[in-house]
Amino acid sequence: LAQELELETHAVLSEMNETFVLLATMVEILWRCALDYDLRGGAPPDFFAYPSVHPYAESDPASKLAMRLENKEYQSSRFRRLHLELAKRSDGLEVFRVVMFPRVRFDLPIVALDMVGFGGRVSFAIVDATPVRRKNGEKKLPDIYLQAMTELRRKHFGGGDGGGGGEAVEMAPLPEWAERLFSEGCVCLRPRPGSQDASAFVGYCAELINFHMEASTCFHPLAEEADISEVYQGHQTYAREQLSNDKTRKALEASFGAPFAEAYMKQTLFDVEPGLYTQPPGTGTGIGSPASVGNPAPEARRNDDDDDDDDDDEEFISMHGATYRVQTGPLARIEGLQGNHLFVPKGQWTPGEEIAMLEASERRNKLRRPQLNK
């Protein structure tokens with residue numbers, strides 16, 4: 001099926017344990033089947049490539065802990081980043097990571113999974129739909145997610161009528177940072193040698209991601225700025241707790257050094273949706289003069305008419321046969337964890353919005369960038 005869909009497989013993937021190959025391929029197929037226009041019978045596209053800051057990285061091959069990293073990223077109207085990472089180290093360590101970051105205008109949990117292997121065997125696996133809002137001070141998953149995760153857990157790990165070959169799979173204790181973050185439905189296990197635990201984990205992840213893609217279509221953009229602020233702060237908390245994972249950081253530092261590890265974790269693994277710290281000019285509902293893009297996606301094409309000076313400098317982008325105006329649209333003024341305020345888009349997302357926000361952010365960075373002495 002992967003060949004039929006012409007998936008661009010990772011160079012590292014062919015060298016990894018077959019369980020990693022199966023899960024990575026299934027995740028990408030599920031994403032494409034749910035979002036890609038050429039697999040949905042002519043439905044409008046909702047699947048776009050997203051340029052990774054670190055598409056590929058390789059440490060010194062002569063090192064005892066030489067590591068290769070590969071990242072693929074996509075986005076859709078509801079998901080800011082669909083990130084898939086593969087890592088392989090010369091001593092036999094293998095890592096597969098997925099994080100599905102929703103846009104903060106949606107009250108969707110952050111679905112993420114990690115699978116770690118060593119010496120050709122899966123040694124640790126964890127997956128969760130992490131809630132981004134609280135109720136009465138407690139983490140609160142949407143009810144449909146808690147119900148689905150409970151049923152899927154019983155099916156794949158519960159034993160007896162729940163499947164899994166009879167005996168229930170014992171869950172592993174969560175790390176301290178994960179206890180503060182993950183939901184009550186989190187699945188965390190250390191597969192037993194010779195068991196079907198890893199296969200059960202793959203099945204569970206596939207069904208959870210498939211459910212997540214379908215359920216996300218029932219969620220509409222939040223209208224109230226207070227609600228968007230709460231979700232944004234939930235995303236900030238998620239990134240902060242994940243960045244406190246010393247095992248991930250130390251593994252990266254051992255192969256690439258501390259500066260790379262810091263940049264990689266903050267830019268590629270666990271970032272937060274960017275916003276604007278000053279209100280754009282104009283009506284307050286968008287960029288007054290639509291922005292152009294510095295680095296559009298490879299398949300993107302802008303329709304500029306240099307001969308028409310009377311078109312109010314409007315710009316458009318064409319992707320997958322559809323044309324979008326390059327503008328942010330309405331913005332919400334939200335509050336972060338530190339009490340700072342910023343502006344993020346709300347309402348229905350378009351690729352034109354993405355480009356306008358990227359350009360506005362780039363202009364801000366240029367203003368802050370120190371000038372070199374001539």
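Before reading on, note that the structure itself is shown above.
Residues numbered from 1 in each chain as written. Predicted model: local features only at pLDDT ≥ 70, side-chain atom pairs only at ≥ 80, totals over all residues. Heavy atoms only, no water.

As for its placement among the helices and strands, F211 is situated in helix α4 (residues 197-216). Note: C-alpha distance between F211 and M149 (62 residues apart in sequence) is 9.4 Å. (Helix = DSSP H or I, 4+ residues; strand = E, 2+ residues; numbered from the N terminus.)

In this section: the side chain of H83. Mapping H83 onto the fold places it in strand β4 (residues 79-89). Looking at H83, the relative accessible area reads 0%, which means it is buried. At a separation of 2.6 Å, a polar atom in the side chain of H83 contacts the side chain of N71. With sequence-adjacent residues up to four places away left out, H83 is seen in contact with W31, N71, K72, E73, R97, V98, V99, T268 and L269. (Buried < 20%, exposed > 50% of the residue type's maximum accessible area, 1.4 Å probe, protein only. Polar contact = N/O pair within 3.5 Å; in protein donor to acceptor, adjacent residues only side chain to side chain. Contact = heavy atoms within 4.5 Å.)

So, about the packing of helix α2 (residues 143-157) against α4. A pair of packed helices can be characterised by two numbers: the angle between their axes and the separation between those axes. Where α2 contacts α4, the two axes come as close as 10 Å, and the packing angle between them is 155°. Judged by the inter-axis angle, α2 sits roughly antiparallel to α4. Crossing angle aside, the handedness with which α2 passes α4 is right-handed. In contact with I144, Y145, A148, M149, L152, R153, K155, H156 and F157 of α2, α4 contributes D197, A200, F201, G203, Y204, E207, L208, F211, H212, A215 and S216. Residue classes in the contact of α2 with α4 are distributed as 12 nonpolar, 4 polar and 4 charged. (Axes fitted to C-alpha atoms, helices over the stretch in contact; angles between N-to-C directions. Parallel < 35°, antiparallel > 145°, perpendicular 65-115°, else oblique. Left-handed = near helix turned anticlockwise from the far one by under 90°. Nonpolar A, V, L, I, M, F, W, Y, C, P; charged D, E, K, R; others polar.)

Two elements in contact, helix α1 (residues 18-35) and α4, have axes whose closest approach is 10 Å; the angle formed by their N-to-C orientations is 15°. Between α1 and α4, the interaxial angle falls into the category roughly parallel. Here α1 and α4 pass one another in a crossing that is right-handed. Seen from α1, the contacting residues are T19, L22, L23, M26, V27, L30, W31, A34 and L35; seen from α4, they are A198, F201, V202, C205, A206, I209, N210 and M213. Looking at the contact of α1 with α4 residue by residue, the class counts come to 15 nonpolar, 2 polar and no charged.

What follows deals with the nonpolar core. The tendency in soluble globular proteins is for nonpolar side chains to be buried side by side. By size, the foremost hydrophobic cluster in this structure holds 48 residues, and its most contacted members are L23, W31, F96, M100, F201 and I209. Elements represented by at least two residues in this core include exactly α1, β4, β5 (93-102), β6 (110-118), β7 (121-130), α2, β10 (187-189) and α4. Considering every element that reaches this core, the biggest residue donor is α4, with 11 residues. (Core = buried A, V, L, I, M, F, W, Y, C linked by side-chain atoms within 4.5 Å.)

Where helix α7 (residues 258-269) is concerned, the buried positions are F260, A261, Y264, M265, T268 and L269. Seen from one end, α7 has its buried residues packed into an arc of 125°, which puts them on one side. Contacts made by the buried residues of α7 are with β2 (56-58), β3 (67-75), β4, β5, α5 (225-243) and α6 (246-256). (Arc of directions from axis to C-beta.)

This next bit is on the packing of aromatic side chains. Applying the stated rule across the entire model yields 11 aromatic pairs. Residues F47 and Y74 carry aromatic rings whose centres are separated by 4.6 Å and whose planes lie at 25° to one another, so their mutual orientation is stacked. One end of the pair, F47, is in the loop between α1 and β1 (48-49); the other, Y74, is in strand β3, and 27 residues separate them in sequence. For the pair F47 and Y74, one class covers both residues: buried. Their ring planes at 50° and their centres at 5.4 Å tell us that F157 and Y204 sit as a pair that is tilted. Of this pair, F157 sits in helix α2 while Y204 is found in helix α4, placing the two residues 47 residues apart along the sequence. The same class applies to F157 as to Y204, namely buried. (Phe/Tyr/Trp six-rings, centres within 6.5 Å; stacked < 30°, edge-to-face > 60°.)

A complete count under the given rule lists 24 salt bridges for this structure. Where D143 meets K140, a salt bridge forms, and the shortest distance between an N and an O atom there is 3.3 Å. The exposure class of D143 is exposed, given its relative accessible area of 54%. Owing to a relative accessible area of 34%, K140 belongs among the partly exposed residues under this scheme. Salt-bridge contacts for R249 lead to E262; the nearest nitrogen and oxygen are separated by 2.6 Å. Taken together, the residues span a long stretch of sequence, with R249 in helix α6 and E262 in helix α7 at a distance of 13 residues. With a relative accessible area of 16%, R249 lands in the buried category. Residue classification places E262 among the partly exposed residues on the basis of a relative accessible area of 30%. Connected via shared salt-bridge partners are E73, R80, R81 and D271. (Salt bridge = Lys/Arg side-chain N within 4 Å of Asp/Glu carboxyl O.)

A few words now on the pairing of β3. Within β3, 8 of the 9 residues are buried, which leaves it mostly tucked inside the rest of the structure. Relative to β3, β1 runs antiparallel, the two sharing 2 bridges. Bridged to A49 within β3 is Y74. Of the pairings in the sheet, the one linking β2 to β3 comprises 3 bridges and is antiparallel in character. Bridging from a neighbouring strand, A57 pairs with L69 of β3. Bridging between β3 and β4 involves 8 bridges; their strand directions are antiparallel. Residue pairing for β4: N71 is matched across the bridge by E85. (Pairing = 2+ DSSP bridges.)

Remember that the coordinates give geometry; whether it matters functionally is a separate question.
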